[in-house]
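Architecture and fold: a report
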Amino acid sequence: MSAADPSPAAGAAPNSDPGRAAVTSAYQRFEPRAYLRNNYAPPRGDLSSPDGVGPWKLRCLAQTFATGEVSGHSLIDIGSGPTIYQLLSACSHFEDITMTDFLEVNRQELGLWLREEPGAFDWSGYSQHVCLIEGKGESWQEKERQLRARVKRVLHVDVHQPQPLGAGSLVPLPADALVSAFCLEAVSPDLPSFQRALDHITALLRPGGHLLLIGALEESWYLAGEARLVVVPVCKEEVMEALVRSGYEVRDLRTYVMPACLQTGVDDVKGVFFAWAQKKVGV
């Protein structure tokens, strides 16, 4: 998503909040294919170098799921955007996966891939890379078949609402795990809004459940076609503090520094964070 992948608009904005209203307005111009070209085609989409941002993210996810601790029945991906790579290692550990996004254009993009329709974005390179690093002897075709079979629904989400999935959702709640990649910082106008959004999605997670959170470090904007989206800049320490405030034990927190060769003018991202956090019992 942006250099670091800010996952396009998982948050709406009540008109009573000018900051969030501006975020919502900007995302109406979001172009999924431009976003995918900016971040998932070379150079950022080049998975051949182990030092690239793509392989780093996929390793973080694969290594965490390989511990066997992050598993269960249901997983919700918060603010999926138009991407599926963030679930490639998850799909063998959860039988019921929900993908979500605020924007209909992103939900439509996901639908193209899930239904294997002509013109869908080609994620096979990512699927092949995940199979390689997981080392289970699985083919990339098997990996994609499993993910498609286990994604049960693609729904609207608004992380700025106390019930992000709305009332009466068909999603099995509370979920055993959450994944969210480049979402919260990309749809929050400031740090307090980021914290509230984290609190809101945490309410969807069972006590003892796990959150895998990926996001941009020190990023203030990114491009997606005609849209120039504002991002709240966060640092590693602010991410840690937000997770603790929302009632998590932080199990792992890693950072990646974006190299000059991947600073392509589509954003001002400085790096990426990966957090594995476990919701404390009683929260």
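Residues numbered from 1 in each chain as written. Predicted model: local features only at pLDDT ≥ 70, side-chain atom pairs only at ≥ 80, totals over all residues. Heavy atoms only, no water.

An unreviewed UniProt entry lists the protein chain under the name Phenylethanolamine N-methyltransferase, with Ursus americanus given as the organism. Of the protein chain, the UniProt comment under Pathway (unreviewed entry) reads exactly: "Catecholamine biosynthesis; (R)-adrenaline biosynthesis; (R)-adrenaline from (R)-noradrenaline: step 1/1." Looking at the protein chain in UniProt, the text filed under Sequence similarities (unreviewed entry) is "Belongs to the class I-like SAM-binding methyltransferase superfamily. NNMT/PNMT/TEMT family." (UniProt positions renumbered as here; feature names shortened; annotations may be inferred.)

Here we look at the overall build of the protein chain
Scanning the protein chain from N- to C-terminus turns up 8 helices and 9 strands. If one aligns the C-alpha atoms of the protein chain with their principal axes, the spans along those axes are about 50 × 45 × 35 Å. Classification of the 283 residues of the protein chain by burial places 58% in the buried group. The contacts in the protein chain between residues at least 6 apart in sequence include a share of 76% that link residues at least 24 apart. Across the protein chain, the 26 positively charged side chains and the 34 negatively charged ones have centroids separated by 2 Å. (Helix = DSSP H or I, 4+ residues; strand = E, 2+ residues; numbered from the N terminus. Buried < 20%, exposed > 50% of the residue type's maximum accessible area, 1.4 Å probe, protein only. Contact = heavy atoms within 4.5 Å. Lys, Arg positive; Asp, Glu negative; His and termini not counted. Charge placed at Lys NZ, Arg CZ, Asp CG, Glu CD.)

As for the packing of aromatic side chains
For the structure shown, the criterion picks out 13 aromatic pairs. Plain terms: the ring middles of W56 and Y256 are 5.5 Å apart, the flat faces sit at 40° to each other, and that makes the pair tilted. Here the residue W56 occupies a position in helix 3 (residues 53-66), and Y256 occupies one in strand 8 (residues 248-257), the gap between them amounting to 200 residues. Members of the aromatic cluster, connected to one another through ring pairs, are Y27, F30, Y35, Y40, Y85, F121, W123, Y126 and Y222. Across from the ring centre of W113, 3.8 Å away, lies the NZ or CZ of R148, which sits over that ring. (Phe/Tyr/Trp six-rings, centres within 6.5 Å; stacked < 30°, edge-to-face > 60°. Lys NZ or Arg CZ within 6 Å of the ring centre and 35° of its normal.)

Side note on the pattern of salt bridges
Per the stated rule, a full pass over the model turns up 12 salt bridges. Between R254 and D252 there is a salt bridge, and its shortest N-O distance comes to 2.7 Å. Among the charged side chains, a salt-bridge network with shared partners connects E116, E144 and R148. (Salt bridge = Lys/Arg side-chain N within 4 Å of Asp/Glu carboxyl O.)

Considerations on the UniProt feature "binding site: S-adenosyl-L-methionine" (unreviewed entry) in the protein chain
Here, UniProt's "binding site: S-adenosyl-L-methionine" (unreviewed entry) annotation points to Y35, Y40, G79, S80, Y85, D101, N106, D158 and V159. For the annotated residues, spread through 125 residues, the largest C-alpha to C-alpha distance comes to 24.9 Å, inconsistent with a single compact locus. Its place among the elements puts G79 in the loop between strand 1 (74-77) and strand 2 (96-101). For G79, a relative accessible area of 1% gives the class buried. Here D158 shows up in the loop between strand 3 (151-156) and strand 4 (175-181).

Digging into the sheet that holds strand 4
Judged by pairing direction, the sheet is mixed, and its 7 strands sit side by side in the order 3-2-1-4-5-9-8 without closing on themselves. The open sheet has two edge strands with one neighbour each: strand 3 and strand 8. Neighbour-to-neighbour, the strand axes of the sheet open up by a mean angle of 15°, direction not taken into account. Across 6 bridges, strand 4 lies against strand 5 (residues 205-217) in parallel orientation. Within strand 5, the position partnered with A175 by the bridge is L205. Sitting on the sheet, helix 6 (residues 140-150) is in contact with strand 2 and strand 3, with an inclination near 60° to strand 3. The sheet contacts of helix 8 (residues 236-245) involve strand 5, strand 8 and strand 9 (271-279), and relative to strand 8 the element is tilted by about 160°. (Pairing = 2+ DSSP bridges. Axes fitted to C-alpha atoms, helices over the stretch in contact; angles between N-to-C directions.)

A word on unusual backbone geometry
With omega at 10°, the peptide bond leading from P42 into P43 counts as cis. Its location among the elements puts P43 in the loop between helix 2 (32-40) and helix 3. Here the amide bond leading from L173 into P174 is cis, since omega sits at -5°, within 30 degrees of zero. Looking at the secondary structure, you find P174 in the loop between strand 3 and strand 4. Residues other than glycine seldom take positive phi values, yet E218 does so here, at roughly 55°. Take E218: it is sitting in the loop between strand 5 and strand 6 (221-224).

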